[in-house]
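# Structural overview
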Amino acid sequence: MIAINDKSILSVPGPRPLPIIGRAAHLFCFAKDSIGYTCQLFQTYGSVVSLVQGGATNVYSPLPHCPGTVFAYGPECVRQITSQHEIYHKYPLSGRLYSKRHDSKRTEPLKHFGAGLFGVNSFTHRQHRQLLMPAFHKHRIASYRDDIVTITQSVLEQLQLDKQTDIAQVMRLLSLRIATKTLFGNDVGSQGAKSAVLLQEVLALMSKLKVVLLPFDIPGLPYHRLFNSMAQLDDEMRSLIRCKHESGTDDKDVLSMLIQARDVETGMALSEEELLGHTSVIFAAGHETSANALVWTLFLLSQHPQVAADLLDELESVLQGEAPTVAQLQQLPMLERVIKESMRVLPPVPWNGRVTSQPTVLGNYTLPAGTEVFLSIYQTHHMPEIYPEPERFHPQRWEGFEPTMFEYNPFSAGSRACIGAGFAMMEIKIVLAMLLQRYRLQYLPQKRIDRTGIVVMASKYGMPMIIRKQDRQFTQGVGGVWGNVREMVQLPK
Ligand code: HEM
């Protein structure tokens, strides 16, 4: 039986506040390198830890009362947190910023942007998720295959051989174009694309620390720029939605589907505000995530020549230089294993953030209502009890190995698991299959590869690589990697 310590969050172990600067130093360390810092905490204090002993920290929660911040990992914590939706509530991407939504007319768009599925819980979440599901149905996803292939083809054609290129930028552009086309029905240069670019700007500003630290609506500050861009985006999106409404046709994009969606019981449609919220969250959740999964996988392949060679053998034998059809995607087991293993070692989304809606027990501790809980996908994926030699990139480990959804969860688990997982897997598979048959990406030795980001784990300085024609010279560019990526994955010297 679990021993319940019913005092408060004070009971969750963690480092002491420092003299004078108190909790600020810990908050700073977490914001600077969430994975590195929490790895140390987990090693010192166990699988349920507090950012600071005694709590009273607030990183994410928009609620006025936040007793503290807790980090947790391991299958049992994943099970408890992802299956108790009434207890573990989710808030929009930037919770603290979200709390300003009632401040003034200018901050009002915060009510919908960045909210969507992320901003609803309990019954409303179930209801909205059901409305959104048809847009992510297997058949619907398959219908995006041709668009993904066309856009990938056009991006690959523009790459210059034997030149140093930031692959992170290329993947960001590629996934931006795919998200724009599938979400709004438009590729670059259209009204939908303008909304997508604005949306990207808003999301980038929202994640800036300066926006939270300097919340003053004064020209020159990012906070002011954020609300200017949000107002513009609001106008653009509303006119896009009205155009689609008036045309009444199904443009085969997600937004059109959401406009037509009706609740089975009440027949209610989504309001304009809800549509704005859902499209912005789907866009936010679906574009940087896939781009980073691709970047990390390409990096890992550049350092594992045998895996790269075996994967190319499989791709060429099944596809013979062509882009995969939906049916062929099922015939590429090695590709599937490479992606799974890449998202295990370097998960693009390293954390699930939640806020407790009532007192609860996690591990051996009682958490008061309002406690922020960050569940570490990264740390769970690096448990030696589940994954022997966890830092080894070893796609073969997936042969006949089926961990539970609480042991392996790059897309999270339970009823809040990623709604776009099927779409993401198809997109990543198609892009890799097309790119690797045409090019070999060569790592540039001595370039630092450091992680950054809390919501999405990205490579801090991009991913500069040389683009070679696919010549199977996989040992070129192997080794010499610098940076803290070496803490997460074993790499050749
Ligand atoms: C490799 C790519 C992706 C990864 C690793 C990923 C990961 C995740 C994770 C871990 C969550 C749960 C977050 C949490 O509850 O704290 C999530 C939720 C979500 N994802 Fe993804 N995602 C990816 C791609 C996509 C794509 C392509 C879309 C849409 C086109 C998408 C849409 C969403 C949405 C709407 C949610 C919220 C679900 C809910 O709260 O019910 N994601 N994703």
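Residues numbered from 1 in each chain as written. Predicted model: local features only at pLDDT ≥ 70, side-chain atom pairs only at ≥ 80, totals over all residues.

## Some words on the site of the ligand
Around the ligand, 24 residues are found, and the nearest of them are Ala 285, Gly 286, Thr 289, Cys 418 and Gly 420. Residue assignment for the shell around the ligand shows that the elements contributing at least two residues are helix H13 (272-303), strand S5 (351-356) and helix H17 (421-438). Looking at the shell around the ligand element by element, the count peaks at seven residues for H13. (Near = placed C-beta within 6 Å. Helix = DSSP H or I, 4+ residues; strand = E, 2+ residues; numbered from the N terminus.)

## Topic: the confidence of the model for the protein chain
Low pLDDT marks stretches whose predicted atomic positions should not be read closely. When pLDDT is averaged along the protein chain, the result is 91, and 96% of the positions lie at 70 or above. Predicted confidence is poor over residues 1-7, with pLDDT under 50, and the contacts of this stretch with residues over four places away or in other chains come to ten contacts. (pLDDT = per-residue confidence, 0-100. Contact = placed C-beta atoms within 7 Å.)

## Observations concerning the packing of helix H14 (residues 305-319) against H17
Put simply, H14 and H17 touch, their axes get as near as 10 Å, and they point 100° apart. By the angle between their directions, the pair H14 and H17 is classed as roughly perpendicular. In this structure, H14 contributes Leu 311, Leu 312, Leu 315, Glu 316 and Leu 319 to the contact, and H17 contributes Ala 433, Leu 436 and Gln 437. The residue makeup of the contact of H14 with H17, split by class, is six nonpolar, one polar and one charged. (Axes fitted to C-alpha atoms, helices over the stretch in contact; angles between N-to-C directions. Parallel < 35°, antiparallel > 145°, perpendicular 65-115°, else oblique. Nonpolar A, V, L, I, M, F, W, Y, C, P; charged D, E, K, R; others polar.)

## Structural notes on the sheet that holds strand S2 (residues 69-72)
With mixed pairing, the five strands of this open sheet are ordered in space as S1-S2-S8-S5-S3. This sheet does not close on itself; its edge strands, each paired only once, are strand S1 (48-50) and strand S3 (88-89). Helix H3 (residues 75-83) rests against S1, S2, S3, S5 and strand S8 (372-376) of the sheet, and its axis sits at about 130° to S8. (Pairing = 2+ DSSP bridges.)

## Brief notes about the pairing of S5
With six of its six residues buried, S5 lies for the most part within the structure. On S5, burial covers both faces: Trp 351, Gly 353 and Val 355 on one face and Asn 352, Arg 354 and Thr 356 on the other are all buried. Where S3 meets S5, two bridges bridge the pair, whose relative direction is antiparallel. Each bridged residue has a counterpart across the sheet, and for His 89 the counterpart in S5 is Val 355. (Buried ≥ 20, exposed ≤ 12 C-beta atoms within 10 Å, placed from the backbone.)

## Remarks on the environment of Asp 33
Relative to the assigned elements, Asp 33 resides in the loop between helix H1 (24-32) and helix H2 (34-45). The sequence separation of Asp 33 and Val 120 amounts to 87 residues, and the corresponding C-alpha distance is 28 Å.

## Some details on the nonpolar core
In this structure, Ala 72, Ile 167, Val 202, Leu 294, Val 295, Val 373 and Leu 375 are the most contacted members of the largest nonpolar core, which totals 127 residues. In terms of residue count, the dominant contributor to this core is H13 (16 residues). Apart from the residues within four sequence positions on either side, Val 202 is in contact with Phe 113, Leu 226, Ser 229, Met 230 and Leu 233. (Core = buried A, V, L, I, M, F, W, Y, C linked by C-beta atoms within 7 Å.)

## Some words on the packing of H14 against helix H15 (residues 333-345)
At a minimum axis distance of 8 Å, the contact between H14 and H15 shows a crossing angle of 140°. Classified by the angle their axes make, H14 and H15 are oblique. Contacts between H14 and H15 involve Val 307, Asp 310, Leu 311, Glu 314 and Leu 315 on the former and, on the latter, Met 334, Leu 335 and Val 338. Residue composition of the contact of H14 with H15, by class: six nonpolar, no polar and two charged.

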